[in-house]
Amino acid sequence: MPGVKATALSAAILVSAARAEPLKVGGIDLDTPPSHCAPLRDAEVPKAATLGFVSGAMTASAVYWIHREQRRRRQPGKATHPREWAIWTRLDRKKKGYVTRKDLKSLCYRFESDEHAEHLAKQLDPWGMDHINFSSFINNFKVVQMMRQAGRLKLWHRCCGLGVAGNVAGHMAQAGEAGQESHSATKPAAIFSYYMPPHPYQVSDQQADKKRLQEFPVTYAVIDYPKLPGACKVQVEPELGLLVDIVYTKDRKRVDHLVPRRVAAFNDCSIRSLEGAEKLSMKKNWGFGSKGISLRSFPVDGFGPGTFVDFLALVSYMKRDGEVFQYSVKAPVRNYLLFHEPLLEWIVEQINGQKDTDKWEEIFPQLAASDFPTSSWIALGAGEYTDYGATHFLQPLDEVVVVVYDERVMPDGPGMAQVLEMFEDTPAPAGSVMLHQTFV
Ligand SMILES: *[C@@H]1O[C@H](CO)[C@@H](O)[C@H](O)[C@H]1NC(C)=O
């Protein structure tokens, strides 16, 4: 029923609006709802319910139906609690309606945060019933979030986030970030940072007053729809994420080289249109839940031609109202405008020498202020959008899947049946890593 859908959606938005705490990031108030770019779908008039009342004979059944619908709607689920639901579905994979302590432990294990498992189990299951339902999960969600954030930050200790802008021919023009000169570009436009960890050994009250890029933005299950004023047109950027060790020169005046370690599926989610944004990084990090990375990643021991990375390809999908659409074209990462060691060398040059011009920023001073992070997850560049992806921006309750797959195992990429399973959070098939996120 159209009316039901619209109401459920506004309920979800009310819930998320109620939860939004007043935040101030980089001088922009985050608690003001977007003025003209409100992520609401057209409210539809509940015509069917009205019609039900026209005929006297149908009135009783219509009333009954509405009551039943109201009761069903009050049941907590994706519509009422999208954020909690996105994580619950990963726990309750068999859709039993409850989970056990063992399921919680396996969640912690997957998060490399075993030390939290016992506390989490005690909190969610104080009487030791070993039967945890979605309601108690919602009631204790703060603890779950804390565990997840602690697990992530452990993996991101002294690790910064960088991105390469314009590393797929044609993509920058599509994203509206291309300058005049980029049509015959042979190099990416520039690099940007989306996360710089706060200085780890400084104890001061200043810590409480985090700078814009010090907000840790990377999540797994959810993307927080931006609540910045004047922000609209949010797009997934399906990318190859590359974990590198950063090696500085002995005098720490510059970066000497990068050592590639792992690759993952990455969502460099971006706001295409943001009033007053002078720097690209403002459209990249809008606080918690503005980036995504797959939990699993492939190890790499080199970045040269003919090595493992040459067989990897990217693809992404979006699910809206139960329908799945391909969001970006299948793109072998070896087709990046710049790749292999020349890309790593170029990134090093940019880190050391990039100037504060136009929408770009100096990077090396940020690393120094961050006490020289020892590693970085670099978003290497996005795949090209399908016609659908280029014309459909994301809205709350949309879901996306970003897949990085080995073409030797999956010559044609994941089939539609496999993609549908990814949206159901079944583990990614052999030869692939996958990220599934819900917009809340
Ligand atoms: C969920 O579990 C809690 C605690 O065990 C219980 O009080 C509550 O009635 C359960 N809710 C449902 C809908 O089963």
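Residues numbered from 1 in each chain as written. Predicted model: local features only at pLDDT ≥ 70, side-chain atom pairs only at ≥ 80, totals over all residues.

The name given to the chain in an unreviewed UniProt entry is CHR23 protein, with Symbiodinium necroappetens as the source organism.

J.: Which parts of the structure should I look at to understand unusual backbone geometry?
T.: For residues that are not glycine, phi is negative in most cases, and the peptide bond is trans in most cases. The backbone phi angle of Asp321 is positive, close to 50°, even though this residue is not glycine. Mapped onto the elements of the fold, Asp321 is located in the loop between strand E15 (312-320) and strand E16 (323-332). One non-glycine residue, Phe372, lies in positive phi territory at about 55°. Considering the arrangement of structural elements, one finds Phe372 in the loop between helix H11 (364-369) and strand E17 (375-382). Overall, the presence of 15 C-beta atoms within 10 Å leaves Phe372 in the partly exposed class. (Helix = DSSP H or I, 4+ residues; strand = E, 2+ residues; numbered from the N terminus. Buried ≥ 20, exposed ≤ 12 C-beta atoms within 10 Å, placed from the backbone.)

J.: So what exactly am I meant to see when it comes to the packing of helix H5 (residues 101-110) against helix H6 (residues 117-124) here?
T.: The relative placement of two packed helices comes down to the angle between their axes together with the axis-to-axis distance. Contact pair H5 / H6: the axes reach a minimum separation of 9 Å and the direction vectors enclose 140°. By the angle between their directions, the pair H5 and H6 is classed as oblique. Helix-helix and strand crossings are classified by hand; for H5 and H6 the assignment is right-handed. Counting all contacts with H5, which are made through Arg101, Leu104, Lys105 and Cys108, the residues of H6 involved are Ala117, Leu120, Ala121 and Leu124. For the contact of H5 with H6, a count of residues per class yields six nonpolar, no polar and two charged. (Axes fitted to C-alpha atoms, helices over the stretch in contact; angles between N-to-C directions. Parallel < 35°, antiparallel > 145°, perpendicular 65-115°, else oblique. Left-handed = near helix turned anticlockwise from the far one by under 90°. Contact = placed C-beta atoms within 7 Å. Nonpolar A, V, L, I, M, F, W, Y, C, P; charged D, E, K, R; others polar.)

J.: Honestly, the nonpolar core in this entry has me stumped. Any pointers?
T.: Nonpolar side chains tend toward joint burial in soluble globular proteins. Ranked by internal contacts, the top residues of the largest apolar core, which has 99 residues, are Ile191, Leu240, Ala265, Val333, Ile378, Val403 and Val404. Two domains each provide a minimum of three residues to this core, namely domain 1 (29-149) and domain 2 (157-439). Once residues lying within four places of it in the same chain are set aside, the contact partners of Val333 are Leu240, Val309, Leu312, Ala313, Leu314 and Phe339. (Core = buried A, V, L, I, M, F, W, Y, C linked by C-beta atoms within 7 Å. Domains from an automatic or database assignment.)

J.: Sorry, what's going on with the sheet that holds strand E18 (residues 399-406) here?
T.: Working definition: the strands of a sheet are paired by backbone hydrogen bonds and lie parallel or antiparallel to each other. If you walk across this open sheet you meet the five strands as E8-E19-E18-E15-E16, and the pairing is mixed. Looking at the sheet topology across the chains shown, the edges are occupied by strand E8 (222-223) and E16. Across the sheet, helix H13 (residues 416-423) is in contact with E15, E16, E18 and strand E19 (432-439); its angle to E18 comes to roughly 125°. (Pairing = 2+ DSSP bridges.)

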